[in-house]
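Residues per chain, in single letters:
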Amino acid sequence: MFELFTPGRTGRSFLTTTPNRWDWALLPLVLVVLALAAYGAMQMARPFVLGQPTPISLDPAWLPYYLLRTILRMFSALGCALLFTFAFAVVATRWRSAEKIMVPLLDVLQSVPILGFQAIAIAPFIALFPGNLLGVECAAVFAIFTSQAWNMAFSLYQSMKTIPPELAEAARVFRLSAWQRFWRLELPYAMPALLWNMMMSMSGGWFFLVAAEAISVAGQDIKLPGIGAYIAVAIEQKHGAAIAWAIAAMFAGILLYDQLFFRPLLAWADKFRFEESQGEHAQQSWVLDWGRRSVWIRALTDRMWAALGRTLGWFGTPEPTDALPSRARFALSSRAVDRIVLALALLGAWRFVLFIHAQVGWGEALRVVGLGCITLVRVMLLIGLASLVWVPVAVWIGLRPRYAQAVQALAQFLAAFPVNLMFPLVVYALVHLRLNPNVWLSPLMVFGTQWYILFNVVAGASTLPNELRLAADNLGLTGWLKWKRVYLPAVFPSFVTGAITASGGSWNASIVAEYVTWGKTSLVADGLGSYIKQMTDAGDFHRIALGIGVMCVFVMVLNRFFWRKLYLLAEDRSR
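Bear in mind that the values here come from a model prediction, so they are computed numbers and not experimental data. (Residues numbered from 1 in each chain as written. Predicted model: local features only at pLDDT ≥ 70, side-chain atom pairs only at ≥ 80, totals over all residues. Heavy atoms only, no water.)

Re the nonpolar core
Across soluble globular proteins, nonpolar side chains have a tendency to be buried as a group.
Right, so step 1: In this structure, Trp-206, Ile-227 and Leu-454 are the most contacted members of the largest nonpolar core, which totals 151 residues.
Right, so step 2: A per-element tally of this core places helix α8 (residues 178-207) first, with 15 residues.
Right, so step 3: Residues contacting Leu-454, with those up to four places away along its chain left out, are Trp-390, Ala-394, Ile-397 and Ala-411.
Right, so step 4: Counting 10 residues, the second largest nonpolar core, distinct from the first, contains Ile-126, Ala-139, Ala-140 and Ile-215. (Core = buried A, V, L, I, M, F, W, Y, C linked by side-chain atoms within 4.5 Å. Buried < 20%, exposed > 50% of the residue type's maximum accessible area, 1.4 Å probe, protein only. Helix = DSSP H or I, 4+ residues; strand = E, 2+ residues; numbered from the N terminus. Contact = heavy atoms within 4.5 Å.)

Encoded structure:
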C-alpha cells in the first residue's frame with residue numbers, strides 16, 4: 001500500500017527547534033506569500049453597488065495587483081474543484097446506482113458553457129452578499145470552477161476505476177475500510193494523473209478568464225480587477241501594447257505558481273508511481289529541497305502528517321462478507337435506478353419540447369440543431385487531428401521525466417494562453433487575406449483544449465512501470481510493434497479521459513472561437529457557439545437556454561455512444 005500520510009519522525013515542536021540557514025531563507029518567501037494572500041483577500045470584500053463602474057487601468061504598473069487578484073480567484077476555484085473531485089469520484093466508484101446518474105450528469109455539466117453558468121449564478125451571488133464585492137467575486141470564482149472541476153473529476157474517477165487488480169486484492173486482504181482504502185490506495189495511485197489535471201485545470205481557468213472577470217449579462221457590465229478584465233479592456237480599445245504586457249504578466253504568474261506550488265507537489269508525488277524503481281530522472285523541486293532541509297518546516301510537516309495519519313483510524317474495517325446482503329436490501333436495484341434515470345430523461349425531454357413550442361418555435365429549434373451539427377463536425381475533426389499530433393509527443397515526454405520538467409511550465413503557459421489574445425492576428429489575417437471564417441476560425445476551438453490530451457497522456461506515460469519498458473526492450477520490441485503492444489495500451493485510459501474533457505472543452509471554446517471581435521470588427525462563423533454568444537450579448541434568455549440545451553444534448557449523445565464506449569474499452573483493457 002502507498003503511504004500518503006507519512007508518520008512523524010522527529011516529534012519535535014516548532015517552538016522548541018532552532019532554525020537553520022534554510023529556515024531563514026524560506027521565512028521571507030513564506031511571509032511575502034501570506035501577506036499578499038491576506039491583502040488580496042481583503043480587497044475582494046470591498047463595498048460594491050450594482051451598476052457602479054469598475055474602471056480597469058491599462059497602465060502596466062497595475063498588472064502585479066491584477067495578477068494577484070486573478071491568482072487568488074483561480075486557487076480558490078481550484079480548492080473547491082478538488083473537494084468536488086473527491087466527493088464525485090468516491091460516490092461514483094463506490095455505488096454503481098449513483099454512478100449511472102452522476103456520470104451522465106457530469107457530461108451535462110461539462111457541456112454547459114461558462115456563459116450559461118454565469119448567466120444563472122451572477123444574480124444569486126450578488127443577492128447573497130448585497131452591497132459587497134464578495135458576491136461578484138464568488139460568481140467569478142464559480143465561473144472559473146466550472147472550467148476546472150470536470151476534467152479533475154473524470155481523472156480521479158478513471159484512475160479509481162482502473163486500479164490494478166493486485167492492489168485492489170491487497171486492500172481486501174488487509175481489510176481496509178472505504179475511508180482507509182481511499183487515502184492509502186486510491187488517492188495515492190491517482191495522484192500523478194490528478195496533479196497533471198490540476199495543472200490543466202489552472203490553465204483552463206486562464207483560457208476562460210476574460211469571460212469570468214469581465215461579466216456582461218443582460219446589460220450589466222462588471223469588470224473585476226484582474227488579468228482577464230485587463231485583456232477585455234485592451235481588446236475593446238485595440239491596445240496592442242497592453243496585450244503584450246498581459247501576456248508577460250500571465251507567463252510570470254504561471255511560472256511563479258509552477259515553481260512554488262505544482263513543481264513541489266509533482267516532486268513529492270513521484271514516490272506514488274506504480275513501479276519499484278523511479279527511473280533515471282525523478283522530478284526535482286528547489287522549494288521541496290529547501291523545505292526538507294528546513295528545521296521548522298520539517299517539524300511542522302511531521303506534526304501535520306502525524307495528525308492526518310491518525311484520521312485513518314476514524315472508521316473501522318468493513319463488515320464481514322456475510323453481512324453485506326442485509327445492507328444490500330436497502331439499496332436501490334440497478335433496474336430501479338435505470339427506471340429513475342429514464343423517467344428523469346423523459347421528463348426533461350418533455351419540458352424541453354414544451355419550452356420550444358411555447359417560447360422559441362420549431363423553426364428556430366431546427367436552425368439551432370443545424371448549427372450544432374456544424375460545431376459537432378468541427379469538434380470531432382479537430383480532436384482527431386490533435387490526437388494524431390499530441391499522443392506521440394506526450395508519450396515521448398512522459399517516458400523522459402527530465403524533459404517533462406523542462407516543458408512543464410511551457411506547456412502550462414500554452415494551455416493557459418487565452419484565445420482572445422490571438423484575436424488581433426486572426427482578424428487581421430482573415431480580413432486582409434479574405435479567408436472564410438467558417439474554416440479558419442475553427443482551429444481556435446482546439447487551441448486551448450488540445451492540451452487536455454497532452455497532459456493526460458503525459459501523466460499516463462509517466463506512470464508506466466520501468467520494468468515493463470525494460471521487458472519490452474529485452475524482447476526486442478521496436479517501432480510500431482512496441483507502440484502497439486506497450487505504449488498505446490498503457491496510455492489508452494489516460495487518452496480517453498483527456499479526449500473526453502478536450503471534447504467538452506472544445507464545445508465550450510466554440511463560444512469564443514466562432515465569434516471573434518477586435519475593436520469594432522467582428523468575424524462570425526456559423527455554429528452553436530456563435531449563436532449562444534450573440535444571444536448572450538442580446539440578453540435573450542430564451543434563446544440562450546435553447547442553445548445551451550441543444551449543446552447539452554449533442555455532448556450527452558456524443559459521450560454516450562462514442563466516448564463512453566471507448567471508456568469501457570479502456571477500463572476492460574486495464575484489468
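Concerning unusual backbone geometry
Right, so step 1: Although it is not a glycine, Lys-238 adopts a positive phi angle of roughly 50°.
Right, so step 2: Relative to the helices and strands, Lys-238 is located in the loop between α10 (227-236) and α11 (240-269).
Right, so step 3: A relative accessible area of 47% means that Lys-238 is categorised as partly exposed.

Regarding α8
Right, so step 1: With 30 residues, α8 should cover 44 Å at 1.5 Å per step; its first-to-last C-alpha distance of 37 Å lies more than 12% under that length.
Right, so step 2: At Met-191, α8 shows its maximal kink, close to 55°; a proline, Pro-192, follows between one and four residues later.
Right, so step 3: Taken across its 30 residues, α8 has 26 buried, putting it largely inside the fold. (Expected span 1.5 Å × (residues − 1). Bend = angle between axes of the 7 residues up to and from the residue.)

Some remarks on the packing of helix α1 (residues 21-43) against helix α12 (residues 286-293)
Right, so step 1: Their axes nearest at 9 Å, the elements α1 and α12 cross at an angle of 125°. For the element pair α1 / α12, the angle class is oblique. The crossing of α1 and α12 is left-handed. Residues Trp-22, Ala-25, Leu-26 and Leu-29 of α1 form the contact with α12, whose own contacting residues are Trp-286, Trp-290, Gly-291 and Arg-293.
Right, so step 2: The residue inventory of the contact of α1 with α12, partitioned by class, reads 6 nonpolar, 1 polar and 1 charged. (Axes fitted to C-alpha atoms, helices over the stretch in contact; angles between N-to-C directions. Parallel < 35°, antiparallel > 145°, perpendicular 65-115°, else oblique. Left-handed = near helix turned anticlockwise from the far one by under 90°. Nonpolar A, V, L, I, M, F, W, Y, C, P; charged D, E, K, R; others polar.)

Looking at the packing of aromatic side chains
Describing an aromatic ring pair means giving the distance of the ring centres and the angle of the ring planes.
Right, so step 1: Following the criterion strictly, the structure yields 25 aromatic pairs and no others.
Right, so step 2: Both rings, one in Tyr-66 and one in Tyr-230, keep their centres 6.1 Å apart while their planes meet at 55°; by these two values the pair is tilted. Here Tyr-66 is found in helix α2 (residues 63-94), whereas its partner Tyr-230 is found in helix α10, with 164 residues between them in sequence.
Right, so step 3: Residue classification places Tyr-230 among the buried residues on the basis of a relative accessible area of 0%.
Right, so step 4: Between Trp-390 and Trp-451 the ring centres are 5.0 Å apart and the planes differ by 50°, which places this aromatic pair in the tilted class. Note that Trp-390 is positioned in helix α16 (residues 362-398) and Trp-451 in helix α21 (residues 450-462), a separation of 61 residues in sequence.
Right, so step 5: Linked through ring pairs, Phe-84, Phe-88, Phe-125, Phe-142, Phe-145, Trp-150 and Tyr-157 together constitute an aromatic cluster. (Phe/Tyr/Trp six-rings, centres within 6.5 Å; stacked < 30°, edge-to-face > 60°.)

Some remarks on the packing of α16 against helix α23 (residues 479-513)
Right, so step 1: For the pair α16 and α23, interaxial distance at closest approach is 9 Å and the crossing angle is 145°. In the packing of α16 onto α23, the handedness of the crossing is right-handed. Touching Gly-372, Thr-375, Leu-376, Val-379, Ile-383, Ser-387, Val-391, Pro-392 and Val-395 of α16 are Trp-483, Tyr-487, Leu-488, Val-491, Phe-495, Ala-502, Ser-503, Ser-506, Trp-507 and Ser-510, all from α23.
Right, so step 2: Taken together, the residues of the contact of α16 with α23 sort by class into 13 nonpolar, 6 polar and no charged.

Looking at a nonpolar patch on the surface
Right, so step 1: Where nonpolar side chains cluster on the molecular surface, the patch consists of Val-33, Leu-256, Leu-260 and Trp-286 and spans about 340 Å² of accessible area.
Right, so step 2: Of note, Leu-260 is situated in helix α11. (Patch = residues over 30% accessible without salt bridge, like charges linked within 9 Å, V, L, I, M, F, W, Y side chains within 5 Å. Areas by Shrake-Rupley, 256 points an atom, 1.4 Å probe, with all protein chains shown as cover. Salt bridge = Lys/Arg side-chain N within 4 Å of Asp/Glu carboxyl O.)

Overview of the pattern of salt bridges
Right, so step 1: For the structure on display, the rule yields 13 salt bridges.
Right, so step 2: With a closest N to O distance of 2.6 Å, Arg-73 and Glu-137 form a salt bridge. Here Arg-73 is found in helix α2, whereas its partner Glu-137 is found in helix α5 (residues 134-146), with 64 residues between them in sequence. Of the two residues examined, Arg-73 and Glu-137, each falls in the buried class.
Right, so step 3: Between Glu-99 and Lys-161 there is a salt bridge, and its shortest N-O distance comes to 3.3 Å. Highlighted residues: Glu-99 in helix α3 (residues 96-111) and Lys-161 in helix α6 (residues 149-161), separated in sequence by 62 residues.
Right, so step 4: The class of Lys-161 is buried, set by a relative accessible area of 12%.

Overview of the layout of surface pockets
Right, so step 1: Roughly 2000 Å³ of volume is contained in the largest pocket.
Right, so step 2: Taken together, 48 residues form the lining of the largest pocket, with Leu-260, Phe-261, Pro-264, Leu-265 and Val-287 sitting closest to its centre.
Right, so step 3: When residues of the lining of the largest pocket are traced back to their parent elements, those giving at least two are α1, α2, α8, α11, α12 and α13 (295-310).
Right, so step 4: Looking at the lining of the largest pocket residue by residue, the class counts come to 39 nonpolar, 4 polar and 5 charged. (1 Å grid on protein atoms, 1.4 Å probe; cavity = no way out; pocket = protein on both sides within 12 Å on 5 of 7 lines; lining within 4 Å. Points joined across faces, edges and corners; volume = space filled by probe spheres on them.)

Quick look at the side chain of Gln-148
Right, so step 1: Note on placement: Gln-148 falls in the loop between α5 and α6.
Right, so step 2: Take Gln-148: its relative accessible area is 0%, and that puts it in the buried class.
Right, so step 3: Once residues lying within four places of it in the same chain are set aside, the contact partners of Gln-148 are Met-74, Ala-77, Leu-78, Ala-81, Ser-201, Met-202 and Gly-205.

A word on the side chain of Ser-442
Right, so step 1: Secondary-structure assignment places Ser-442 in the loop between α19 (437-440) and α20 (443-447).
Right, so step 2: You can call Ser-442 buried: its relative accessible area is 10%.
Right, so step 3: Here Arg-378 takes part through its side chain, which lies 3.0 Å from a polar atom of the side chain of Ser-442. (Polar contact = N/O pair within 3.5 Å; in protein donor to acceptor, adjacent residues only side chain to side chain.)

Concerning the confidence of the model for the protein chain
Right, so step 1: Scored by pLDDT, the protein chain has a mean of 79; 85% of the residues are at 70 or more.
Right, so step 2: Mean pLDDT across the elements of the protein chain ranges from a minimum in helix α14 (residues 324-328), with 45, to a maximum in α2, with 92.
Right, so step 3: In the model, residues 276-280 has pLDDT below 50 throughout and makes 7 contacts with residues more than four positions away in sequence or in other chains. (pLDDT = per-residue confidence, 0-100.)

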